[in-house]
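Geometric and topological summary
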Amino acid sequence: MKKLISIACAGLLMISLAGCSNQIAEVQANTTSDKNQQSIEAKDSSLEYSTTRQILEVTSKNTKIYYPKLQGYKGELSMDYMNQSIKQLAESFVEGADYTDVQLDYEVKRIDEKVVSILFKGTGKLSGSREINIQKSVNLDVKSTNPIVFENFIKQDESSRAEVAKLLDVKAKNAGITTGFEAEGIFIYFEGDIVVFYYMPLDDSAKDWVELSVPLSELDGFINTEFGEHPAS
């Protein structure tokens, strides 16, 4: 089994758009009025915030990306930071010339007092070539507003990494993947008390993402629970 390879910025493309307003002049972000695309996020009665559905569209690139916007959270600055992270992922598909024909939608996989986890899925073309299946996630630690990715979620020590690799190998084989767990890039999202590890197989012909669900209880001792300080205002 191949050793897990550290992946910087896994799951998030945090591309700054400062000074790039001319490049994204065609982008419009509005709450959708399409009856078939109404806000789908039901507000949890125990939360102080919810989400509304937004759209980012560039007609010249045949690109349409739906993304959520948090609203109603008591900490306005924290909410702004989290919304920036979510929107930056959407904008990463229209900034620059790498992607065209992107059609992305999302699901709010987890939203509570600890974690916000958004999963984006869809299709697009990379550098104008073949169509690819796109899957990206934004996971945010509500306390700090910082991103949670594979790199900072699993502890950095060799023992923790090795144990998680073994666990994922078992999960892969149980799912019918005879070669077990083999991946270069590892990404995650959260759904309740489950963390889903997803990756594209090493096989060059692979088109579909593999997802391996692991209860958080099985990762006890191997994961971090603190994700840095809250950014200064």
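Because the structure is a prediction, the values reported are computed rather than measured.

1. What to know about the overall build of the chain
Counting its regular elements, the chain contains three helices and nine strands. Its helices and strands in sequence order give the chain the pattern β-β-β-α-β-β-β-α-α-β-β-β, from N to C terminus. Accessible surface for the chain amounts to roughly 12,100 Å². Of this, 47% is attributable to carbon and sulfur atoms.

2. Things to note about the nonpolar core
Ile 65, Ile 86, Phe 93, Val 116 and Phe 120 are the most contacted members of the largest nonpolar core, which has 28 residues in total. Contributing elements (two or more residues each) for this core: strand E2 (50-58), strand E3 (63-71), helix H1 (76-91), strand E4 (99-111), strand E5 (115-126) and strand E6 (131-141). The element contributing the most residues to this core is H1, with five residues. Counting residues in each nonpolar core, the second largest holds 23 residues, with Phe 153, Phe 181, Val 195 and Phe 197 among its members.

3. Structural notes on the pattern of salt bridges
Tallied over the full model, the rule gives twelve salt bridges. Asp 169 is the salt-bridge partner of Lys 173, the closest N and O atoms lying 3.3 Å from each other. A residue pair is termed a helical-turn pair when its members lie 3 or 4 positions apart in one helix, as Lys 173 and Asp 169 do in helix H3 (residues 158-174) at four residues. Here Asp 169 falls in the buried class, since its relative accessible area comes to 12%.

4. Brief notes about the pairing of E2
Summarising burial for E2: eight of the nine residues are buried, a large majority. The turn linking E2 back onto E3 is made up of four residues, and Asn 62 within it adopts a positive phi angle of 50 degrees.

5. Points about H3
Across its 17 residues, H3 extends 24 Å between first and last C-alpha, which sits within 8% of the 24 Å expected from 1.5 Å per residue. Turning to H3, its buried residues number three or more, namely Ser 160, Arg 161, Val 164, Ala 165, Leu 167, Leu 168, Asp 169 and Ala 172. On its buried side, H3 packs onto helix H2 (150-153), strand E8 (194-199) and strand E9 (210-215). Within two residues after H3, Gly 176 carries a phi angle of roughly 95 degrees, on the positive side.

6. Comments concerning the layout of surface pockets
As a volume, the largest pocket reaches approximately 450 Å³. Surrounding the largest pocket, 20 residues form its lining, Arg 130, Ile 132, Asn 133, Met 200 and Trp 209 being those nearest its centre. Among the elements that take part in the lining of the largest pocket, E6 stands out by supplying six residues, more than any other. Residue composition of the lining of the largest pocket, grouped by class: eleven nonpolar, three polar and six charged. Each pocket or cavity is described by its volume, and for the second largest pocket that value is around 330 Å³. Lining the second largest pocket are 14 residues; nearest its centre among them are Lys 114, Val 115, Asn 224, Thr 225 and Phe 227. Its residues assigned to classes, the lining of the second largest pocket comprises seven nonpolar, two polar and five charged.

7. Description of the packing of aromatic side chains
Counted by the stated rule, this structure contains nine aromatic pairs. On the basis of an interplanar angle of 50 degrees and a centroid distance of 6.2 Å, the ring pair of Tyr 106 and Phe 120 is categorised as tilted. With Tyr 106 in strand E4 and Phe 120 in strand E5, this residue pair connects regions lying 14 residues apart in the sequence. With respect to burial, Tyr 106 and Phe 120 carry one shared label: buried. Both rings, one in Phe 150 and one in Phe 197, keep their centres 6.3 Å apart while their planes meet at 75 degrees; by these two values the pair is edge-to-face. Of this pair, Phe 150 sits in helix H2 while Phe 197 sits in strand E8; the two residues are 47 residues apart in sequence, bridging distant segments of the chain. Here Phe 150 falls in the buried class, since its relative accessible area comes to 0%. Looking at Phe 197, the relative accessible area reads 0%, which means it is buried. Through successive ring pairs, a cluster of aromatic residues spans Phe 187, Tyr 189, Tyr 198 and Trp 209. Here Arg 53 stacks its cationic end above the ring of Tyr 66, 4.3 Å away from the centre of that ring.

Here is what the cut-offs are and how they apply
Residues numbered from 1 in each chain as written. Predicted model: local features only at pLDDT ≥ 70, side-chain atom pairs only at ≥ 80, totals over all residues. Heavy atoms only, no water. Helix = DSSP H or I, 4+ residues; strand = E, 2+ residues; numbered from the N terminus. Areas by Shrake-Rupley, 256 points an atom, 1.4 Å probe, with all protein chains shown as cover. Core = buried A, V, L, I, M, F, W, Y, C linked by side-chain atoms within 4.5 Å. Buried < 20%, exposed > 50% of the residue type's maximum accessible area, 1.4 Å probe, protein only. Salt bridge = Lys/Arg side-chain N within 4 Å of Asp/Glu carboxyl O. Pairing = 2+ DSSP bridges. Expected span 1.5 Å × (residues − 1). Contact = heavy atoms within 4.5 Å. 1 Å grid on protein atoms, 1.4 Å probe; cavity = no way out; pocket = protein on both sides within 12 Å on 5 of 7 lines; lining within 4 Å. Points joined across faces, edges and corners; volume = space filled by probe spheres on them. Nonpolar A, V, L, I, M, F, W, Y, C, P; charged D, E, K, R; others polar. Phe/Tyr/Trp six-rings, centres within 6.5 Å; stacked < 30°, edge-to-face > 60°. Lys NZ or Arg CZ within 6 Å of the ring centre and 35° of its normal.

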